[in-house]
Amino acid sequence: MTEPSKWVQITRSNPDHSTWYVQRFRQMAAAGADLVGEARLVDALVPRGARILDAGCGPGRHGGYLAEAGHEVVGVDVDPVLIEAAQEDFPGATWLVGDLAELDLPARGITEPFDAILCAGNVMTFLAESTRVEVLRRMARHLRADGRAAIGFGAGRGYAFDDFLADAREGGLVPDLLLSTWDLRPLEETSDFLVAVLRRG
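Here is what the cut-offs are and how they apply
Residues numbered from 1 in each chain as written. Predicted model: local features only at pLDDT ≥ 70, side-chain atom pairs only at ≥ 80, totals over all residues. Heavy atoms only, no water. Phe/Tyr/Trp six-rings, centres within 6.5 Å; stacked < 30°, edge-to-face > 60°. Helix = DSSP H or I, 4+ residues; strand = E, 2+ residues; numbered from the N terminus. Buried < 20%, exposed > 50% of the residue type's maximum accessible area, 1.4 Å probe, protein only. Contact = heavy atoms within 4.5 Å. Core = buried A, V, L, I, M, F, W, Y, C linked by side-chain atoms within 4.5 Å. Pairing = 2+ DSSP bridges. Axes fitted to C-alpha atoms, helices over the stretch in contact; angles between N-to-C directions. Parallel < 35°, antiparallel > 145°, perpendicular 65-115°, else oblique. Left-handed = near helix turned anticlockwise from the far one by under 90°. Nonpolar A, V, L, I, M, F, W, Y, C, P; charged D, E, K, R; others polar. Polar contact = N/O pair within 3.5 Å; in protein donor to acceptor, adjacent residues only side chain to side chain.

Caption draft 1: Main features of the packing of aromatic side chains. For the structure on display, the rule yields seven aromatic pairs. Taking the centre distance of 5.3 Å and the plane angle of 85° together, the rings of Trp-7 and Phe-126 count as edge-to-face. Of this pair, Trp-7 sits in helix H1 (residues 6-13) while Phe-126 is found in helix H6 (residues 123-126), placing the two residues 119 residues apart along the sequence. You can call Trp-7 buried: its relative accessible area is 10%. Ring centres 5.2 Å apart and planes at 75° place the aromatic pair Phe-153 and Phe-164 in the edge-to-face group. Taken together, the residues Phe-153 in strand S5 (residues 143-154) and Phe-164 in helix H8 (residues 161-170) connect sequence positions eleven residues apart. You can call Phe-153 buried: its relative accessible area is 0%.

Structure, rendered in structure tokens:
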């Protein structure tokens with residue numbers, strides 16, 4: 001049995017956490033906050049009408065934006081409360097409850113690989129450590145041969161950038177581009193955030 005993610009552990013200890021999370025981002029969106037910079041980067045990586053997997057999609061703001069931009073989007077998240085919110089707020093995409101460490105979309109009838117995968121919101125740091133490589137391996141399997149994955153997370157969350165890049169290589173993904181922000185600023189030794197654009201190795 002797969003070790004539960006840190007997110008699952010948080011929601012088990014605080015059943016109201018997911019509802020709070022949904023409301024927090026709905027309020028930020030209503031206030032006009034820019035919540036889709038990550039999605040804009042992915043939109044620039046692919047042609048119009050691309051197939052995009054939003055891995056760890058949360059309440060759907062990124063996948064929803066990409067669906068509205070004309071892409072075919074599938075979002076997967078382990079939290080059913082977040083998936084329900086995504087279905088309510090962004091009906092133009094397909095939203096599925098699922099553990100990224102067990103990701104097998106062909107088994108769920110979604111057989112075509114993806115042009116791009118977006119994994120934002122510090123999702124990688126919420127995974128159980130024992131599942132990190134497997135998650136990356138499963139992402140690689142869902143990419144087209146020429147597809148790319150954009151994965152971002154912050155420093156100081158228990159997952160060193162060098163360790164992530166080593167895990168990515170073990171999982172079959174190699175870097176095309178390493179950045180420090182979703183708006184394309186270069187990665188430096190002092191950067192406190194990593195955005196890695198990866199392709200299948």
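Caption draft 2: Local environment of the environment of Ala-101. Locating Ala-101 in the fold gives a position in the loop between strand S3 (94-97) and strand S4 (114-119). When its relative accessible area of 6% is taken as the criterion, Ala-101 is described as buried. It is 8.5 Å that separates the C-alpha atoms of Ala-101 and Leu-127, two residues lying 26 residues apart in sequence. Ala-101 has contacts with Thr-2, Thr-131, Glu-134, Val-135 and Arg-138, leaving out every residue within four places of it along the chain.

Caption draft 3: A look at helix H3 (residues 37-45). Listing the buried residues of H3 in full gives Gly-37, Glu-38, Ala-39, Leu-41, Val-42 and Asp-43. Among the structural elements, strand S1 (51-55), helix H4 (61-68), S4, S5, strand S6 (173-179) and strand S7 (193-200) are those in contact with the buried residues of H3.

Caption draft 4: Region of interest: the nonpolar core. In this structure, Leu-53, Leu-105, Met-124, Ile-151 and Phe-164 are the most contacted members of the largest nonpolar core, which totals 33 residues. Contributing elements (two or more residues each) for this core: S1, strand S2 (72-77), S4, H6, helix H7 (132-142), S5, H8 and S7. Ranked by size, the runner-up nonpolar core spans 22 residues in total, among them Ala-86, Ala-93, Trp-95 and Ala-116.

Caption draft 5: Here's a closer look at H7. With eight of its eleven residues buried, H7 lies for the most part within the structure. Residues of H7 that are buried: Arg-132, Val-133, Val-135, Leu-136, Arg-138, Met-139, Ala-140 and His-142.

Caption draft 6: Examining the pairing of S5 more closely. Looking at chain direction, S4 and S5 are connected through five bridges and run parallel. Residue Phe-114 lies in a different strand from S5, and its bridge partner there is Leu-143. Of the strand pairs in this sheet, S5 and S7 are connected by seven bridges, and their pairing is antiparallel. From the neighbouring strand, Ile-151 faces S7, where its bridge partner is Ala-196.

Caption draft 7: Broad picture of the packing of H3 against H4. In contact at an axis separation of 8 Å, H3 and H4 are set at 40° when each is read in the N-to-C sense. The angle between the axes of H3 and H4 places the two elements in the oblique class. Our pair here, H3 against H4, has a crossing hand that is right-handed. Across the interface between the two elements, Glu-38, Ala-39, Arg-40, Val-42 and Asp-43 of H3 pack against His-62, Tyr-65 and Leu-66 of H4. Considered class by class, the residues forming the contact of H3 with H4 number four nonpolar, one polar and three charged.

Caption draft 8: Local environment of the sheet that holds S5. A sheet is described by the order of its strands in space; here seven strands give the open sequence S3-S2-S1-S4-S5-S7-S6, paired in mixed fashion. Among the strands making up the open sheet, the edge pair consists of S3 and S6. Direction aside, neighbouring strands of the sheet carry axes that sit 20° apart on average. Relative to S5, H7 is tilted by about 145°, and along the sheet it contacts S1, S4, S5, S6 and S7.

Caption draft 9: Up close: the side chain of His-71. Turning to its location among the elements, His-71 is positioned in the loop between H4 and S2. A distance of 2.9 Å separates polar atoms of two side chains, one belonging to His-71 and the other to Arg-48. A distance of 3.5 Å separates a polar side-chain atom of His-71 from the backbone nitrogen of Gly-49. Setting aside residues up to four positions removed in sequence, His-71 forms contacts with Asp-43, Val-46, Pro-47, Arg-48, Gly-49, Ala-50, Ile-52 and Leu-66.

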